[in-house]
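In case you want the letters, here they are:
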Amino acid sequence: MADFLEFSSISSEVRGAMCPGKLKMTDTAIVFKSDKTGKVEQINAGDIELLNYQRFVGSYGLRVFLKNGSLHRFLGFSGDEAKIADFVKKNYKLDMLEKELSMRGWNWGTVQFKGAVLSFDVENKTSFEIPLNNVSQCNVGKNEVTVEFHRNDDAPVSLMEMRFHIPTTESADIDPVEAFQENVMKQASVISVSGDAIAIFREIHCLTPRGRYDIKVFQTFFQLHGKTYDFKIPTSSVLRLFLLPHKDNRQMFFVISLDPPIKQGQTRYHFLVTLFQMDEETNIELPFSEEELKEKYEDKLTKELSGPVYEILGKIMKVIINRKLTGPGSFVGHAGTPAIGCSFKAAAGYLYPLERGFIYVHKPPVHIRFEEIASVNFARSGGSTRSFDFEIELKTGTVHTFNSIEKEEYSKLFDFISSKKLHVKHTGGKASYKDDFADSDNDGEPDAYLARVKAEAKERDEDDDDDGSDSEESTDEDFNPNQQESDVAEEFDSNVESSSSSDEDGSGGGGSADSGGEKKRKDKKGKTQDKPPAKKSKEKREPKERKKPKSKSKDSNAPKRPVSAFMLWMNATRDQIRKDNPGLSITEIAKKGGELWKDLKDKKEWEAKAAKAKENYTEAMAAYKASGGGSGGTDNGKGEKRKKSAAPRKGDTTSPKTGSGFKSKEYIEDTSSSSTDEDAKKDAKKAKKPANDKKSTGKSKKSESEMSESEEEEDDDGSEGSD
């Protein structure tokens, strides 16, 4: 037979509520661990007086009566009576008998007090039992006793009070009503302040409940005494003690976990959170002799204690309450502290990853044990790439979300979670943190901002297409969509019919509806426009003016740019990184490579290779330019280079093909020669004469030569491109 028995779905009765957990029976003790609080309750085998197998509602249970008079009940067993009886007989040397209950529905009977249990018997069989430590108050009347009980918030239905009618008898020397009350109050859980406090701490700053309180520590309870409220908290209700350093390294949190919680009106406080300054010190003398300290506390306390206030309070609480004092675990954040700054339920606070769970302080404080966690998730934080959210999903389905954690904490927190073997969950539709800080175009969650920008660009392009003529029907042999400036752009800028300012001008060669150069181009393209386009509003023209120039097409014949020293090293060690860290994504491998490169001390080899590659590139680029490549000109599609001029001005209709035409009014005013204006007017007049006129032909040739000279002067003044 095994040395222990283990049952997974067992409930323990706690103040009228059934708390689920696990029960383990060993050869020395009965151990129960609550699933909700994680509190471990241990009953030593030597303390057990009686152990009964008892019928409860819907199942069987164990009734454990101890020698000190207390009662424990566990239910949820089914068909395990023989196995448990043999185990108890062998290990505890006790006979486990089945306890029979009274099935009569009578409400009169006899009351027996045995230890801390009130038993109501009908016909010598127990009808019900009341553990007296659940009693909060007992009041008496003439022939009546009212027993009130502590309320349990976890119980769906609570028994608040019970009344007993006690008939009086003249022969009795003692009043039975008073005797009944006295027996109840001996074992009732009623706190009455008697005697001196072991230690008193004045004006302690409490965050929950908020205020300044005096903390008085007694043998069986401690008291919070404030100006408005006064709390008496039994030591048995303390679950855990935490001592956590503040992120600023100047303050310290002391947190007390309670079950049941303290009540302030309708508010329940499951945690007491106090805040201390690290430089505050105190000196306390305990009211015990050296023999008492050695006998009661096994020399864990000394008669005089001195040091920081939080340290003294933590030490006294730890010994008096007999609970472990939990500090921060091995986790160290980006700032070098065990605290992670975040927000929870719209309130700022700190998250502490502990060795066996997480705790958040303060408002509201939350303690989450690892065994309660089903999965954790790293999520995007409100569209910002400077922070992320940390979600913890419990096995009960509850999700706790901690918002706005700095992205520098991600790697530290992820490594901690991996070391604790917690399941990391990627919820559908949410990208992981690694994807959030990589390229936005990665497969994962759609980027709303990117989608909006693309939609606006598409809409702007459609507006630009509507502004132009029916280009789908025409074919332009000179049109190049990758060209930064084209004839199409010149037509848009020189189209006087779509500009309100040029309509109002009407003078200076640029004011004509069509220039000679444009006529030739339109005739060549077979493109006619019978009806002028509708006048566009300024709002429609703004996207055209803001439109960025298209980038130049990449020259495939040009030498490739040299690779940096880091990329040379990364290409050589990428396979090794992937081999040493299996399962990493491309983004994680790149991030890991960056960390290794940063830690690499000797980089001379790779920097020398990068310098050599750059030198080779410089030589290759010089040879490429000497051979005529990369001259900066734009190909017109016929294999010849066309001169790239500055952006055309409004009203300038000079054709770059013919080299002739009219200059705009603005261009004429900028030139230093006044004869240019007169030449332009003469050219405009002679352009109307027949082509067979000899004089006009000669003069037109002259104007062409003058125009070519002005173009050369313009090139000398700093125009872009070359012939």
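Please refer to the structure higher up on the page.
Notes on the structure in this doc start here.

What counts and how
Residues numbered from 1 in each chain as written. Predicted model: local features only at pLDDT ≥ 70, side-chain atom pairs only at ≥ 80, totals over all residues. Heavy atoms only, no water. Helix = DSSP H or I, 4+ residues; strand = E, 2+ residues; numbered from the N terminus. Contact = heavy atoms within 4.5 Å. Areas by Shrake-Rupley, 256 points an atom, 1.4 Å probe, with all protein chains shown as cover. Axes fitted to C-alpha atoms, helices over the stretch in contact; angles between N-to-C directions. Left-handed = near helix turned anticlockwise from the far one by under 90°. Nonpolar A, V, L, I, M, F, W, Y, C, P; charged D, E, K, R; others polar. Pairing = 2+ DSSP bridges. Phe/Tyr/Trp six-rings, centres within 6.5 Å; stacked < 30°, edge-to-face > 60°. Buried < 20%, exposed > 50% of the residue type's maximum accessible area, 1.4 Å probe, protein only. Lys NZ or Arg CZ within 6 Å of the ring centre and 35° of its normal. Core = buried A, V, L, I, M, F, W, Y, C linked by side-chain atoms within 4.5 Å.

**Digging into the overall build of the protein**
The number of helices and strands found in the protein is 17 helices and 33 strands. Taking as baseline every contact in the protein between residues at least 6 positions apart, the subset at least 24 positions apart corresponds to 49%. Total accessible area computed for the protein in this model is approximately 43700 Å², and 48% of it derives from carbon and sulfur atoms.

**Section: the packing of helix α12 (residues 565-580) against helix α13 (residues 586-599)**
Angle between the axes and distance between the axes are the two parameters that describe a pair of packed helices. It is at 10 Å that the axes of α12 and α13 come closest, and there the two elements cross at 115°. Judged by the sense of rotation from one axis to the other, the crossing of α12 with α13 is right-handed. Together, Ala 565, Phe 566, Trp 569, Met 570, Arg 574, Ile 577 and Arg 578 of α12 and Ile 589, Ala 590, Lys 592, Gly 593, Gly 594, Leu 596 and Trp 597 of α13 make up the contact between the two elements. For the contact of α12 with α13, the residue count by class is 9 nonpolar, 2 polar and 3 charged.

**Remarks on the sheet that holds strand β13 (residues 144-149)**
In space, the 3 strands of this open sheet follow the order β12-β13-β14, with antiparallel pairing throughout. Both outer strands of the open sheet, β12 (135-140) and β14 (161-165), are each paired with one neighbouring strand and no more. Taking each pair of neighbouring strands and ignoring which way they run, the sheet shows an average axis angle of 15°. Two elements, β13 and β14, share 5 bridges in a ladder whose sense is antiparallel. From the neighbouring strand, Glu 144 faces β14, where its bridge partner is His 165.

**Observations concerning the sheet that holds strand β11 (residues 125-131)**
Two orientations exist for strands paired in a sheet by backbone hydrogen bonds: parallel and antiparallel. Strands sit in the order β9-β10-β11 across an open sheet of 3 strands; the sheet is antiparallel. Both outer strands of the open sheet, β9 (110-114) and β11, are each paired with one neighbouring strand and no more. With strand direction ignored, the average angle separating the axes of adjacent strands in the sheet is 25°. Examined bridge by bridge, β9 and strand β10 (residues 117-122) share 5 bridges and lie antiparallel to one another. When the sheet's bridge partners are listed, Phe 113 is paired in β10 with Leu 118. Helix α2 (residues 176-187) rests against β9 and β10 of the sheet, and its axis sits at about 35° to β9.

**Some words on the packing of aromatic side chains**
Going through the model one piece at a time under the given rule, you end up with 29 aromatic pairs. With 5.6 Å between their ring centres and 40° between their planes, Phe 32 and Phe 74 make a pair best called tilted. Linking Phe 32 in strand β3 (residues 29-34) with Phe 74 in strand β7 (residues 71-77), this pair joins segments that are 42 residues apart in sequence. Accessibility classification places Phe 32 together with Phe 74 in one group, the buried group. Considering the side-chain rings of Phe 218 and Phe 221, the 4.6 Å spacing of their centres and the 15° angle between planes classify their relative orientation as stacked. In terms of burial, Phe 218 and Phe 221 fall into one category: buried. By the ring-pair criterion, three or more aromatic residues cluster together here, those being Phe 331, Phe 358, Phe 370, Phe 378, Phe 388, Phe 390, Tyr 410, Phe 414 and Phe 416. In this structure, Arg 55 is placed above the aromatic ring of Tyr 60, and the distance from its NZ or CZ to the ring centre is 4.8 Å. Positioned over the ring face of Phe 65 is Lys 114, at 5.2 Å from the centre of the ring.

**Things to note about the packing of α12 against helix α14 (residues 604-626)**
Taken N-terminus to C-terminus, the directions of α12 and α14 make an angle of 115°; their axes are 8 Å apart at the nearest point. As α12 runs across α14, the sense of the crossing is right-handed. Contacts from Ala 565, Leu 568, Trp 569 and Ala 572 in α12 reach Trp 606, Glu 607, Lys 609 and Ala 610 in α14. Looking at the contact of α12 with α14 residue by residue, the classes come out as 6 nonpolar, no polar and 2 charged.

**Re the nonpolar core**
Membership of the largest hydrophobic core comes to 39 residues, with the highest contact counts inside it found for Phe 201, Phe 222, Ile 256, Leu 286, Ile 316 and Met 317. With 9 residues, the top contributor of residues to this core is helix α4 (residues 309-321). Sequence-distant contacts of Leu 286, defined by excluding residues within four places in its chain, comprise Ile 198, Leu 293, Leu 301, Thr 302, Lys 303, Leu 305 and Ile 316. Among the nonpolar cores identified, the runner-up in size contains 24 residues, and Val 376, Phe 388, Phe 390 and Ile 392 belong to it.

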